[in-house]
Amino acid sequence: MDYAVEVIADSSEEWCGNRLTFPTIQAAETYAKDLWSRWAAVRSWRVVQIIPKGWMTVRIPVAKSA
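Parameters and conventions
Residues numbered from 1 in each chain as written. Predicted model: local features only at pLDDT ≥ 70, side-chain atom pairs only at ≥ 80, totals over all residues. Heavy atoms only, no water. Pairing = 2+ DSSP bridges. Helix = DSSP H or I, 4+ residues; strand = E, 2+ residues; numbered from the N terminus. Polar contact = N/O pair within 3.5 Å; in protein donor to acceptor, adjacent residues only side chain to side chain. Contact = heavy atoms within 4.5 Å.

**Q** Explanation requested: the sheet that holds strand β2 (residues 16-17) in the structure shown.
**A** Note: strands within a sheet are paired through backbone hydrogen bonds, in either parallel or antiparallel orientation. Across the sheet, four strands lie side by side as β2-β1-β3-β4; this open sheet has antiparallel pairing. Every interior strand has two partners, whereas the edge strands, β2 and β4 (56-64), have only one. Where strand β1 (residues 2-8) meets strand β3 (residues 44-53), seven bridges bridge the pair, whose relative direction is antiparallel. Paired with Val7 across the bridge in β3 is Trp45.

The structure is reproduced here in structure tokens:
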């Protein structure tokens, strides 16, 4: 399983991410916390599990910022 980080960084309240993936939840959380500490625009973060389903990808939240 792969994991990715998504953030909310504006007033739209929409989760956004990139194509960077991590092999564990812990690695993704470490990246998310580091990003949050460096990028002032990040209002909230979450880790999502990436599940390929045919031609689309399902992203299931598994951890998020407090």
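From this point, things continue past the structure.
**Q** Explain the side chain of Glu6 to me, please; I cannot follow it from the model alone.
**A** The residue Glu6 is located in strand β1 in this model. Only 2.7 Å separates the side chain of Glu6 from the side chain of Arg46, close enough to count as a polar contact. Beyond its immediate sequence surroundings of up to four residues, Glu6 is in contact with Trp15, Cys16, Gly17, Ser44, Trp45, Arg46, Val48 and Arg59.

In short, the description is geometric, and any link to function would need to be established separately.
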